[in-house]
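# Tertiary structure, described
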Amino acid sequence: MQARYHDGRTAQSRPTKVCVEDETLVFSADGENRWPLDAVRVETVDDRVRIAYGRDDPARLTLALADWRELTEHAIGHHRRVRQREIRLVAALAASAAAIAGLVFVGIPAASGPLARHTPPSLERKIGRNLEAQVSLPFRTCRGAAGQAALKRLGQRLGQAANTPFDIRVRAVHAPMVNAFALPGGAILVTDELIDLAATPDELAAVIAHESAHVQKRHVMQGVWRSFGFGVLLDAVVGGGSGAGQQAVLLMGSATNLHYSRAAEAEADSAGQDLLTAQGLSSQGMAPFFQRLVATSEGKNAQAVKALISDHPDTLRRAQASRARAKSGAAAFTPAEWTAIQASCRDGYDPLKRMRKLF
Ligand SMILES: [Zn+2]
């Protein structure tokens, strides 16, 4: 694709050919240049786009908007093909692993609670690490350091109150959905869209406390046992290299959507509020957040929150119950922290999302 290269130091520009390989812009100008698509900044000016890379590099590429669209659509197509190939592979793995699980551990759904409580923390951590590595691809960590630090501090405080062997590690990630989820071993991922939806620090803190309570009560591990059973153990024991277990857990959407029971959700609501109270924080944000979810699911953002609502039935009833239990307390984040958290995902987004936004 034909583009023009400006080195940014002189007024001159010169023609160069640009293509996309492995989600990276490749062109030659003073040697070969490789600019990863997820790190470039793109600005549209009339029918052209101007692309920059790196904080201090004044160099720019400009090309016709139509050409850029064609280049990046190719990248999206490539992404999609890779994704489809992964899904097919994972489906095959899941089918075989599920067959093993069915034969060997028929009793797992019923036994998942006791199994989870008896899972050694070291094994849960190991399973969690495997899963975390796996989800770091589709859920990229947001770059805003100050916001991430504030989230991390809240996680540590809730972890202290929870008296759990796991470090609660909260971070914001890019994802095209409103969600927050806990992984085995204490990692809690909160999506950028959920952060956008939360109207106050209390609301976001309530969501994080709810997920922390899932970790505390070992619901996460219970969900893993129930959803996947033997495969995840096999995977951890065999060394995590094969990935069969974690792939299958992901395939079934289980890492983001562990289908906790109604009882587990209610327990996480109240235990989460208790964690906030134990740290002197307000637990009044939970009810309004539930109500916002319901209101938004009836509005125009319906698609994004529908999934979350379906995972969390009886949302209004839960709002009522948590309002009845709510206690006042300090705000979970200072105004400066809250601003940093809200900005934490605005810098450098996931390339596919960026492309969708651009066009
Ligand atoms: Zn939950």
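The following refers to the structure shown. Keep in mind the model is a prediction, meaning the values are calculated, not measured. (Residues numbered from 1 in each chain as written. Predicted model: local features only at pLDDT ≥ 70, side-chain atom pairs only at ≥ 80, totals over all residues. Heavy atoms only, no water.)

## Notes on the sheet that holds strand β4 (residues 32-36)
Quick note on the threshold: Here the rule is simple: two strands pair whenever DSSP picks up at least two bridges between them. What counts as a helix is a DSSP run of H or I of at least four residues, what counts as a strand is a run of E of at least two, and both are numbered from the N terminus. For every element, the axis is a line fit to its C-alpha atoms; helices are fit only across the contacting stretch, and the angle between N-to-C directions ranges from 0 to 180 degrees.
Strand order in the open sheet formed by seven strands is β4-β3-β2-β1-β7-β6-β5, and the pairing between neighbours is antiparallel. The open sheet is flanked by β4 and β5 (40-45), the only strands paired with a single partner. Ignoring strand direction, the axes of neighbouring strands in this sheet form an average angle of 30°.

## Observations regarding the nonpolar core
Let me state the cut-off plainly: Among buried residues, the Ala, Val, Leu, Ile, Met, Phe, Trp, Tyr and Cys ones that are joined through side-chain atoms within 4.5 Å form a nonpolar core. Under the scheme applied here, a residue whose accessible area is under 20% of the maximum for its type counts as buried, over 50% as exposed, and between as partly exposed, the area being computed with a 1.4 Å probe on protein chains only. Note on definitions: a residue-residue contact is assigned when non-hydrogen atoms from the two residues lie within 4.5 Å.
Leu151, Leu154, Val190, Leu194, Leu204, Ile208 and Phe333 are the most contacted members of the largest nonpolar core, which totals 45 residues. For this core, the element with the most residues is helix α6 (residues 201-216), which contributes eight residues. Once you skip the residues sitting within four places of it in the chain, valine 190 turns out to touch Val170, Arg171, Ala172, Val173, Asn179, Ala180, Ile195, Leu204 and Ile208. Tyr5, Phe27, Leu61 and Trp68 belong to the second largest nonpolar core, which has 18 residues in total.

## Things to note about the sheet that holds strand β9 (residues 180-182)
Strand order in this open sheet of three strands is β8-β10-β9, and the pairing throughout is mixed. Each of the sheet's edge strands pairs with one partner strand only, and the pair in question is β8 (169-173) and β9. Averaged over all pairs of adjacent strands, the angle between strand axes in this sheet comes to 20°, irrespective of strand direction. Pairing analysis gives three bridges linking β9 to strand β10 (residues 187-191), with the strands arranged antiparallel. Bridged to phenylalanine 181 within β10 is leucine 189.

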